[in-house]
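Listed below are the residues making up each chain.
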Amino acid sequence: MKKKLVAGLAGLAAAAAAVVGGLPYYFGKQAETVLDGQYRLLQESSFVTVESRIYERGWFSSTETMQVRLKPTLLNNAAAYLPDNLKTVLSEPVTVVNRIQHGPFAGGFAAAKVESEFRYRAESEKVLKRFFGDKTPVSLTNTIGFGGSGRLNLSIPAFDYDELSGIALNWKGLEGQTDYTSGWQSYKSGYTAPGLHVKLADKGDIVLENLHIGSDTYDSPSKLAVGSSSFKLNRLALQWQEGLDYNIKLNELVNLVTDLQIGAFINPTGTVPPSKITVENLRFDTTMNEEGGWASSEGRFRFDKLAYGNDTYGPLDINVAAEHLEAASLLAVKRKLAEIASRNMSEDDIRTALLHTARNEASGLFTGNPVIKIRTFDFALPQGKIHADGQIAFNGLTRGDLDDFAAMLKKTQAEFRFNVPEPLLENMAVSQARSLFTVNPEDEAEGTAAVDDIDETLRLMVQSTVRNMAGQGFLTLDDSGNIATHIDIAQGRMKLNGKVFEAEPEFDDLADGADAEAQTESEPSASGG
């Protein structure tokens, strides 16, 4: 009896040992499946390129080695705004070594624990040491659960960096985590950075306080990455000691959307004088979902207060939505953006490629009867408050219509309501005119340039136009100087406050008159010949 008991216990112990010994191999296979899914997501990313990957699986532990780098277009677009040392770090490849400890007791009760080590090229290592010293620049761990779900923990340590040139960076670090489900079918992230202060010697300062970025992402039936995202920043302060030149190329945006060739005269240009901007409670939230092959998206941008010089703006609340978007077309745009990110392309080439995609593979974004809605646009300014709401819809467009603006306009329905303070329109006219005219500095210094007279003339022109349109019923103007109108576009015609509005074809009349005059002058010489 005693021998049987011993034999039974020995057999049980052997079986237990076999099970326990086999568990690490089983969990190692499960960890490899999870990391295969992570590798697939990296390959599909618009930000990084995986240049190589090696996975060496053992019984109790495994090792994954990848070489990754930022995609060329992403770096090229941002290069002009980055210091040389940071460009060095971002342009070189990074080797990521993932050491996987198999469960069930891998640094806790889990299927596996992954510790990531980032190895940098010599030049990058030298730059990072200047900022982080002996600290590890990036720490990343992945705890894989028994069902294939898990959690990524990421941290970047704080540092305080100064140069003799007067440039200084005070970075307070970043921490966060990403929770993912089995097969990476969904994942939820949250990352927080307490603060950053950049001192650009005697050029200015940049301050960011309490940044939080979050997202909740899952795959839709069409394999679109849908869900929600949030961006919150408690405070942003920018101060500059020199004038900043700007030239916003609105004509290129119009050309991209409508293929109309508009001159650069519509582009806001000028110089922002030395000043300081402070923004409080900046938030940007998005949501996107898909049902039955059609996607809907919504974005909301807000801040509580913006101080610029001596003026205070805000609150601002913009809520825009897009409905009935063809999911297949969105996927085509996503694939094109990924392709563009992996190649070195100029801005013109990128614009051409996106326009070609929009008119061909992604034409369903226009032919699927989409609706764009401005749910809210509310902005408080020193001159008064702006309000706008409405929507624009394309009904029955065909792919051929995308090359014919007149045909597009006939199938476009739009309805918007606007309330704008008249002083704002006056200031916009003055600012735009100043970008078109130059004044002799000596005359301006002596007070003979009559700049104020030009500004006042422009203000009077705006006031005259507003009152003329109000008198015709195209808009309303109250005693406080607030302009309101209701814009309706249908069948290629525009109505303001219910009245058909047609701009006078001044340039066409001039052209016709010039042609007629030229023809009249040519007739005698023709008869005299």
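None of these values were measured; they are calculated from a predicted model. (Residues numbered from 1 in each chain as written. Predicted model: local features only at pLDDT ≥ 70, side-chain atom pairs only at ≥ 80, totals over all residues. Heavy atoms only, no water.)

The number of helices and strands found in the protein is 13 helices and 26 strands. At a minimum sequence separation of 6, the contacts of the protein that also span at least 24 residues come to 57%. (Helix = DSSP H or I, 4+ residues; strand = E, 2+ residues; numbered from the N terminus. Contact = heavy atoms within 4.5 Å.)

A few words on the nonpolar core. With 33 residues, the main nonpolar core has Val 68, Phe 131, Phe 159, Val 279, Phe 303, Phe 379 and Leu 381 as its most contacted residues. Of the residues forming this core, the biggest block, 4 residues, is contributed by helix α4 (residues 122-132). Ranked by size, the runner-up nonpolar core spans 13 residues in total, among them Leu 35, Ala 111, Ile 144 and Trp 184. (Core = buried A, V, L, I, M, F, W, Y, C linked by side-chain atoms within 4.5 Å. Buried < 20%, exposed > 50% of the residue type's maximum accessible area, 1.4 Å probe, protein only.)

Here we come to the pairing of strand β5 (residues 139-144). Successive residues of a regular strand alternate their side chains across the two faces of the sheet. Strand direction decides the pairing type here: strand β4 (residues 112-120) and β5, joined by 5 bridges, are antiparallel. Bridging from a neighbouring strand, Glu 115 pairs with Thr 141 of β5. In this structure, β5 lies alongside strand β6 (residues 150-156), joined through 6 bridges in antiparallel fashion. In the sheet register, Leu 140 faces β6, and the bridge partner there is Leu 154. From the end of β5 to the start of β6, which pair antiparallel, there are 5 residues, and Gly 148 there has a positive phi angle of about 100°. (Pairing = 2+ DSSP bridges.)

Close contact between helix α6 (residues 327-341) and helix α7 (residues 347-359) brings their axes to 10 Å; oriented N to C, the two are set at 160°. In terms of their interaxial angle, α6 and α7 are classed as roughly antiparallel. Of the two possible hands of crossing, α6 and α7 adopt the one that is right-handed. Note on element contacts: α7 touches α6 through Ile 350, Ala 353, Leu 354 and Thr 357, opposite Ala 332, Val 333, Lys 336, Leu 337 and Ile 340. Along the lines of polarity and charge, the residues of the contact of α6 with α7 split into 7 nonpolar, 1 polar and 1 charged. (Axes fitted to C-alpha atoms, helices over the stretch in contact; angles between N-to-C directions. Parallel < 35°, antiparallel > 145°, perpendicular 65-115°, else oblique. Left-handed = near helix turned anticlockwise from the far one by under 90°. Nonpolar A, V, L, I, M, F, W, Y, C, P; charged D, E, K, R; others polar.)

Once that is clear, we can look at α6. Its 15 residues place the ends of α6 21 Å apart at the C-alpha level, agreeing with the 21 Å of an ideal helix rising 1.5 Å per residue. Every buried residue of α6 is accounted for by Ala 327, Ser 329, Leu 330, Leu 331, Ala 332, Lys 336, Ile 340 and Ala 341. (Expected span 1.5 Å × (residues − 1).)

Here we come to the environment of Asp 401. Tracing the chain through its elements places Asp 401 in the loop between β21 (384-394) and α9 (405-410). Between the alpha carbons of Asp 401 and Phe 366 there is a distance of 9.6 Å; along the sequence they are 35 residues apart. If sequence neighbours within four positions are ignored, Asp 401 has contacts with Gly 396, Ala 407, Met 408 and Lys 411. In terms of polar contacts, Asp 401 uses its side chain to reach the backbone amide nitrogen of Thr 398, at 3.0 Å. (Polar contact = N/O pair within 3.5 Å; in protein donor to acceptor, adjacent residues only side chain to side chain.)

Moving on to the packing of helix α3 (residues 84-91) against α4. Running from N to C, α3 and α4 cross one another at 130°; their axes reach a closest spacing of 9 Å. It follows from the interaxial angle that α3 and α4 lie oblique. When the axes of α3 and α4 are compared, the crossing they make is left-handed. Residues Asn 85, Thr 88 and Val 89 of α3 form the contact with α4, whose own contacting residues are Glu 123, Ser 124, Val 127, Leu 128, Arg 130 and Phe 131. Counted by class, the contact of α3 with α4 contains 4 nonpolar, 3 polar and 2 charged residues.

Let's shift gears to the side chain of Lys 336. Mapped onto the elements of the fold, Lys 336 is located in helix α6. Owing to a relative accessible area of 15%, Lys 336 belongs among the buried residues under this scheme. Beyond its immediate sequence surroundings of up to four residues, Lys 336 is in contact with Ala 353, Leu 354 and Thr 357.

All chains considered together, the criterion is met by 27 salt bridges. For Glu 64, the salt bridge identified is with Arg 53, shortest N-O distance 2.7 Å. Placement of Glu 64 in strand β2 (residues 61-70) and of Arg 53 in strand β1 (residues 48-57) is noted, with a sequence separation of 11 residues between them. Classification of Arg 53 as partly exposed rests on a relative accessible area of 24%. We note a salt bridge from Asp 304 to Arg 283, for which the minimum N-O separation is 2.8 Å. Taken as a pair, Asp 304 in the loop between β16 (294-303) and β17 (305-308) and Arg 283 in strand β15 (residues 275-291) lie far apart in primary sequence, 21 residues in all. With relative accessibility at 36%, the residue Asp 304 sits in the partly exposed group. (Salt bridge = Lys/Arg side-chain N within 4 Å of Asp/Glu carboxyl O.)

Before going further, it helps to examine the packing of aromatic side chains. Taken as a whole and assessed by the stated rule, the structure comprises 16 aromatic pairs. When the ring of Phe 303 is compared with that of Phe 379, the centres are 6.1 Å apart and the planes differ by 90°; the resulting orientation is edge-to-face. Placement of the pair is Phe 303 in strand β16 and Phe 379 in strand β20 (residues 371-381), with a sequence separation of 76 residues. The pair formed by Phe 303 and Phe 379 is uniform in burial state, with each residue classed as buried. For the pair Phe 474 and Phe 501, a centre-to-centre distance of 5.2 Å together with 90° between the ring planes defines the contact as edge-to-face. Linking Phe 474 in the loop between α12 (451-471) and β23 (476-477) with Phe 501 in strand β26 (residues 499-501), this pair joins segments that are 27 residues apart in sequence. For Phe 501, a relative accessible area of 27% puts it in the partly exposed group. (Phe/Tyr/Trp six-rings, centres within 6.5 Å; stacked < 30°, edge-to-face > 60°.)

Sheet topology note: the strand β10 (residues 186-200)/strand β11 (residues 204-219) ladder contains 13 bridges and is antiparallel. Across the sheet, the residue bridging to Ala 193 is Leu 211, located in β11. Pairing geometry for β11 and strand β12 (residues 225-240), over 15 bridges, is antiparallel. Looking at the pairing, Val 207 lines up with Ala 237 of β12. Linking two consecutive strands that pair antiparallel, namely β11 and β12, is a turn of 5 residues; a positive phi of about 70° is found at Lys 223 within it.

Here Gly 103 and Pro 104 are connected by a cis peptide whose omega angle stands at 10°. Note on placement: Pro 104 falls in the loop between β3 (94-102) and β4. The omega torsion across Gly 314 and Pro 315 is 5°, close enough to zero to call that bond cis. With respect to the secondary-structure elements, Pro 315 resides in the loop between β18 (311-313) and β19 (316-326). Positive phi is not limited to glycine here, since Trp 184 has a value of about 55°. Topologically, Trp 184 is positioned in the loop between β9 (174-180) and β10. Although it is not a glycine, Asn 210 adopts a positive phi angle of roughly 55°. In this structure, Asn 210 sits in strand β11.

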